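Listed below are the residues making up each chain.
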Amino acid sequence: MLELRPNCECCDKDLPPDSSDAMICTFECTFCRTCATTVLAGVCPNCSGNLVARPVRPAALLNKYPAATERVVKPGGCPSL
Ligand SMILES: [Zn+2]
Ligand SMILES: [Zn+2]
């Protein structure tokens, strides 16, 4: 199951589970669409994998399968920011 992390690792922007702005890599490194498409150019800075839009979890399932609450932020932000 996806963790659905609550924020962008680069700019710490909030990315709620229903956000269409969240992008993830295969390890679920999570970024906002702005960081993913501009400074990162679609490539995860942690693992060099590609970033894709994170699927939205239907609200009715969030009680049973809650999103992660622990914020992950890259130390020092993303290099090109
Ligand atoms: Zn961001
Ligand atoms: Zn990654």
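Predicted model only: the values in this text are computed from it and were never measured.

## A few points about the coordination of the zinc ion (ligand 2)
The protein atoms that coordinate the zinc ion (ligand 2) are Cys25 (SG), Cys29 (SG), Cys44 (SG) and Cys47 (SG), at distances spanning 2.3 to 2.6 Å. Taken together, the four donor atoms surrounding the zinc ion (ligand 2) define angles of 90 to 151° at the centre, an arrangement classified as irregular. If you list the donors of the zinc ion (ligand 2) from N- to C-terminus, the spacing comes out as C-x3-C-x14-C-x2-C.

## A look at the coordination of the zinc ion (ligand 1)
Binding of the zinc ion (ligand 1) to the protein goes through Cys8 (SG), Cys11 (SG), Cys32 (SG) and Cys35 (SG), at separations of 2.2 to 2.4 Å. For the zinc ion (ligand 1), the four donor atoms are set out with angles of 99 to 117° between them, so the coordination reads as tetrahedral. Counting residues between consecutive donors of the zinc ion (ligand 1) along the chain gives the motif C-x2-C-x20-C-x2-C. Of this pair, Cys8 sits in the segment before strand 1 (22-24) while Cys32 sits in strand 2 (residues 30-32), and the two are 24 residues apart along the sequence. Residue Cys8 shares its accessibility class with Cys32, and that shared class is buried.

## Quick word on the sheet that holds strand 1
Pairing in this open sheet of three strands is antiparallel, and the strands run 2-1-3 from one edge to the other. The strands lining the two open edges of the sheet, one partner per strand, are strand 2 and strand 3 (52-53). Bridging between strand 1 and strand 3 involves two bridges; their strand directions are antiparallel. Bridge assignment links Ile24 to a residue of strand 3, and that residue is Val52.

## Looking at the side chain of Arg57
For Arg57, the location among the structural elements is in the segment after strand 3. Within the buried set, Arg57 has no salt-bridge partner at all; the shortest N-O distance to an opposite charge, 6.8 Å, is to Glu28. Side-chain polar atoms of Arg57 contact the backbone oxygen of Tyr65, separated by 2.9 Å. Leaving out residues up to four positions away in the same chain, Arg57 has contacts with Met1, Leu2, Leu4, Pro17, Leu62, Tyr65 and Pro66.

How each quantity is defined
Within each chain, residue numbers correspond to sequence positions counted from 1 in written order. Written order decides the labels, with chains lettered from A and ligands numbered from 1. In keeping with the predicted nature of the model, local features appear solely for residues at pLDDT of at least 70, side-chain atom pairs appear and are counted solely at 80 or more, and the whole-chain, interface and lining totals rest on all residues. To get the side-chain values, take all heavy atoms of the structure and skip hydrogens and water. In this description, a donor is an N, O or S atom within 2.8 Å of the metal centre, a cutoff extended to 3.2 Å for sodium, potassium and calcium. Water is not part of the atom list, which can make sites seem incomplete. Here a site with four donors is tetrahedral if all angles are between 85 and 135 degrees, and a site with four or six donors is square planar or octahedral if opposite donors are over 155 degrees apart and the other angles are between 65 and 115; anything else gets the irregular label. Secondary structure elements are taken from DSSP: a helix is a run of H or I of four residues or more, a strand is a run of E of two residues or more, and numbering for both begins at the N terminus. Each residue's exposure class comes from its accessible area (1.4 Å probe, protein chains only) as a fraction of the maximum for that residue type: buried when under 20%, exposed when over 50%, partly exposed otherwise. Strand pairing follows a simple DSSP-based rule, namely that at least 2 bridges must link the two strands. In this count, Lys and Arg are taken as positive residues and Asp and Glu as negative ones, while His and the chain termini are left out. One side-chain nitrogen of Lys or Arg within 4 Å of one carboxyl oxygen of Asp or Glu is enough to make a salt bridge. Within 3.5 Å is the distance limit for a polar contact, defined as a pair of N or O atoms, with the added protein rule that one can donate a hydrogen and the other accept it, and that residues adjacent in sequence qualify only through two side-chain atoms. In what follows, residue pairs with any heavy atoms lying within 4.5 Å of each other are defined as contacts.

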